[in-house]
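Observations on chain architecture
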Amino acid sequence: MFVRLLYESFRRQKRRKLLAGAAIMLGVGVATAMIAVATDIGDKISRELRSYGANLVVTPQEDTLDVKIGGVNLKPASDGGYLNEADIPRIKGMFWRNNIIGVSPMLPVRVPVAGTKTTLLGTYFSKRLTYGKDNFTAGVLGTHPWWKVQGAWPQDDSGDLLVGQTFAAQFGYKLGDTIELAGAQHRVSGIVSTGGDEDHEIVAPISLAQQLAGRPGVVRQIYVSALTKPEDELARRDPKTLSPDMYDRWYCSPYAQSIAYQLQEAIPNSHAEMIRQVAQSEGTVLSRIKGLMLLITLAALFASALAVSSAMATAIFERRAEVGLMKALGAGKATIAVLFFFEAALLALIAGAVGFAGGTALAHQIGRAIFGSNISIQPVLFPLILAMAVVVTFAGSAAAILRAMNFDPVYALRGEA
Amino acid sequence: MSSLPLAERRAEHPQTAMFLRMLWRAAGRRPGRAASALLAMVVAAATATAMLNLYGDVQSRLQKEFRSYGANIVIVARDGPELAVDALQRVNSALGGNGVAAPFGYVVARTASGRPVVVAGTDFASARRLNSWWKVSSWPESAQQGLIGVQAQAGLHADQGLDLSFQGRTLHVVPAGSLQTGADEDSRVYISLADFENWTGLQPSTIEVAASGGTKATDDVLQKLNAAFPGADVHAVRRIVEGESRVMGKTRLTLLSSAVLIVLTSALCVLATLIGWVVDRRRDFAIMKALGASERLLTGFFAAEAATLGAIGALPGYVVGVGIAAWIGRANFNAPVVPRLEILPVVLAGAIGVALLSAIAPISVLRRVQPATILRGE
């Protein structure tokens, strides 16, 4: 009898059930989309913040003091240590290798050009590297996305050059010109503009810089762009003073500090440091944006809970006559309440599932439209959202059901309640 | 006319009086239902206000956060090693209070053991404001004190102080603290600008500027500075400017889509509640119709009622919404979001619009029904 009442209620009141169901669907959809966006926004913005460039730098351990003003290093070229170019792929063997999204080695050399001395910066542009079975691309295209080239980027195995725009303007270099370096002619394949020191320099494939320095297979620094977790109390601790448990936690969290530590382990005789301008500021900006989205998600949850519960209240209030009839036929208050709650739960489950699917699609749409990548949705969200839908639907119906039960059936049936 | 007693005024305009009285009684007779409709209206107006207010204000708040990345414009002396004496004043007047500028002068000095080291002179107070990421153990407070970069500290063994010589003149620097940035600063010694000028006789060669307020404001400042410094190299730090505009753009779009979703949801919540309210009063509708009210009058009546409800709900909603936005601002940015008056008419119009929509929709359905059918409860 109970099941039949339930079934008939859905069969006969399709319009009302559809209306209430639509409200639940909408509420759950918005809630799902917002929760999905809020939980994933940290990752997405963190990736966008990588457009500020490398946040870690690896230097030789026994390096001498840099004497560098305005991008010109006055330190004698023979001074200081070097890192091995062959060690670079080992970065992809680290624990947090998947968080490393860009690597560029740098080797500056002072060269005589056009009657003056300038810095030639050797680096990777977009070089394919292999570590074990993994292939990855390293180079300034990944770590220095703000570099703009007019013309073409040189091939990493060529002898072509990029000339900084200030330098080019000063000495009248154009695309396709040649520059003589150590007796060989090199083609200018592009003019580079960076808004930094490189505007006064020449940028070339690293093999050329090594050849000019007379030191094959070495690099001076390695810039690393990594996805990191904002610094917290644990991150600032010295790993040497941590207990083994804490050390594991520290090591297995993608802090800039722990990634720097692992870079040091991966590259022999190196010292890795976080570039505080990028790493610190990233944490500030990221935590603000995440906090904002969290608060807005709360507002969205509140608004959708309200939409659902007001729709349910309206739907039940309209059924006073039905309640009156049931009571007149001898149904107890408990029976009526259980019936209505069952209806609400069923409605919440069905509409909630549909709404979840809709919200997932909406979140994907937002992710693709804004960030150009899908927003990942945790499967654990599904039961959570359904439970929330049921609770909110119950809460919304409860007041109306309680009132409906207290109507005098006579008045309710006469439509005067 | 307004001096006439109420009763007489009513007598002069019997139709208006009746209309107003019906409006008043409609709310008075069923306070519970009217109150719940009003509540929905208030809540919806509040969330809409909060979102609009936040969306307008969050941009400038985030821009402030982005300034933690430091300078977005750099001025470097092009001819000769120093900028003019009044350079910093000119920068500050171009900024007009919207940003921070810090001067830097650089020389290569030699230590007592003859090793070269870069010594920079700066105004510590503005450098501290500009470069919030500098990790400094303790800032210098008196003359002849300096900040020693961590690399320089390790390389020069500077614990006991450094004797720096430049063009035959020697300066003794007492380390006040260490400086760590992970970049070039680590291998330098920083001293106060006054010490630097006395010692070297040079003016600063570089001014780093953090202009606040988005891409357009930065461009304006850049143009002003270019005009003010014809002999210097003034350029935007592209890395900072581009990174900011990119992240800001995405964040704003995310916020906008969330705001639209939330405002839509709350509008629909009002719609559902109000439709329920109007449908619930179909008996009133039928009685009025049976007593001879024209359809136009009826539509007008219900529309006026809904519009009143919308207007009455929007005002407290606006106030609550401003409060919510202020709270979110305080919780997340440590500064309340400034209330925006221009949102009030938008929220008011939106509230009345949604209310009208939710009143007209059920009426157009009810109009086709015979009053007798409704009155019989069918």
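Whatever comes next refers back to the structure up there.
What this report covers is the structure whose coordinates are included nearby. This one's a predicted model, so the numbers in the text were calculated from it and none came from an experiment.

Regarding the overall build of chain B
A tally of helices and strands in chain B yields 13 helices and 10 strands. A compact globule built from 378 residues should have a C-alpha radius of gyration of about 21 Å, whereas chain B, at 34 Å, is more than 25% larger. A principal-axis box enclosing the C-alpha atoms of chain B has dimensions of 110 × 45 × 35 Å. Counting every position in chain B, which comprises 378 residues, the buried fraction comes to 49%. Considering only contacts within chain B whose residues lie at least 6 apart along the sequence, 79% involve residues at least 24 apart. Carbon and sulfur atoms provide 58% of the accessible area of chain B, an area that totals close to 17,500 Å². Put simply, chain B has 36 plus and 28 minus side-chain charges, and the middle of one group is 15 Å from the middle of the other.

A short note on empty space enclosed by the protein
All names here are of chain A. A complete count under the given rule lists 1 cavity of 30 Å³ or more for this structure. Here the largest cavity is characterised by a volume of approximately 110 Å³. Lining the largest cavity are Arg16, Lys17, Ala20, Met312, Ala315, Ile316, Arg319, Phe340, Glu343, Ala344 and Leu347. Of all the secondary structure elements, the ones that give two or more residues to the lining of the largest cavity are helix 2 (14-49), helix 9 (276-317) and helix 11 (333-371). For the lining of the largest cavity, the residue count by class is 7 nonpolar, no polar and 4 charged.

Observations regarding the interface of chain A and chain B
Residue-level contacts link 62 residues of chain A with 64 residues of chain B. The contact between chain A and chain B buries some 5,800 Å² in all, and 65% of this surface belongs to carbon and sulfur atoms. In this assembly, chain A and chain B are joined by 4 salt bridges. Note that Glu65(B) is salt-bridged to Arg288(A), the shortest N-O span being 3.1 Å. With 26 residues, the top contributor of residues to the side of chain A that touches chain B is helix 9 of chain A. Considered class by class, the residues forming the side of chain A that touches chain B number 36 nonpolar, 15 polar and 11 charged.

Considerations on the pattern of salt bridges
A full pass over the atoms with the stated rule returns 17 salt bridges over all chains. The salt bridge partner of Asp87(A) is Arg90(A), with a shortest N-O separation of 3.7 Å. Among the charged side chains, a salt-bridge network with shared partners connects Asp57(B), Arg61(B), Arg340(B) and Glu342(B).

Some points on the packing of aromatic side chains
All names here are of chain A. Tallying each qualifying case throughout the model produces 21 aromatic pairs over all chains. Here phenylalanine 167 and tyrosine 173 contribute two aromatic rings whose centre-to-centre distance is 6.1 Å and whose plane-to-plane angle is 15°, an arrangement assigned as stacked. In this pair, the class of phenylalanine 167 matches that of tyrosine 173, namely buried. Pairing phenylalanine 356 with phenylalanine 382 gives two aromatic rings, centres 4.8 Å apart and planes at 65°, and the pair type is edge-to-face. Of this pair, phenylalanine 356 sits in helix 11 while phenylalanine 382 is found in helix 12 (residues 381-406), placing the two residues 26 residues apart along the sequence.

Notes on the packing of helix 11 (residues 295-333) of chain B against helix 12 (residues 343-366) of chain B
Residue and element names in this part refer to chain B. Look at helix 11 against helix 12: their axes get within 8 Å of each other, and the N-to-C directions meet at 145°. Of the two elements, helix 11 crosses helix 12, and the hand of that crossing is right-handed. Mapping the contact onto sequence places Thr299, Phe302, Ala303, Ala306, Ala307, Gly310, Ala311, Ala314, Leu315 and Tyr318 in helix 11 and Ile343, Leu344, Val347, Leu348, Ala351, Ile352, Ala355, Leu356, Ala359, Ile360 and Ile363 in helix 12. Class assignment of the residues belonging to the contact of helix 11 with helix 12 gives a composition of 19 nonpolar, 2 polar and no charged.

Here we look at a nonpolar patch on the surface
Residue and element names in this part refer to chain A. Side chains of Met25, Leu346, Leu349, Ile350 and Val354 sit close together on the surface and give an oily, nonpolar patch of about 400 Å² of accessible area. With 4 residues, the top contributor of residues to the nonpolar patch is helix 11. Among the structural elements, isoleucine 350 can be located in helix 11.

Cut-offs applied
Residues numbered from 1 in each chain as written. Chains lettered and ligands numbered in written order. Predicted model: local features only at pLDDT ≥ 70, side-chain atom pairs only at ≥ 80, totals over all residues. Heavy atoms only, no water. Helix = DSSP H or I, 4+ residues; strand = E, 2+ residues; numbered from the N terminus. Rg over C-alpha atoms; globule rule 2.2 N^0.38 Å. Buried < 20%, exposed > 50% of the residue type's maximum accessible area, 1.4 Å probe, protein only. Contact = heavy atoms within 4.5 Å. Areas by Shrake-Rupley, 256 points an atom, 1.4 Å probe, with all protein chains shown as cover. Lys, Arg positive; Asp, Glu negative; His and termini not counted. Charge placed at Lys NZ, Arg CZ, Asp CG, Glu CD. 1 Å grid on protein atoms, 1.4 Å probe; cavity = no way out; pocket = protein on both sides within 12 Å on 5 of 7 lines; lining within 4 Å. Points joined across faces, edges and corners; volume = space filled by probe spheres on them. Nonpolar A, V, L, I, M, F, W, Y, C, P; charged D, E, K, R; others polar. Buried area = accessible area lost by both parts, 1.4 Å probe. Salt bridge = Lys/Arg side-chain N within 4 Å of Asp/Glu carboxyl O. Phe/Tyr/Trp six-rings, centres within 6.5 Å; stacked < 30°, edge-to-face > 60°. Axes fitted to C-alpha atoms, helices over the stretch in contact; angles between N-to-C directions. Left-handed = near helix turned anticlockwise from the far one by under 90°. Patch = residues over 30% accessible without salt bridge, like charges linked within 9 Å, V, L, I, M, F, W, Y side chains within 5 Å.

Just distances and angles here, no functional claims.
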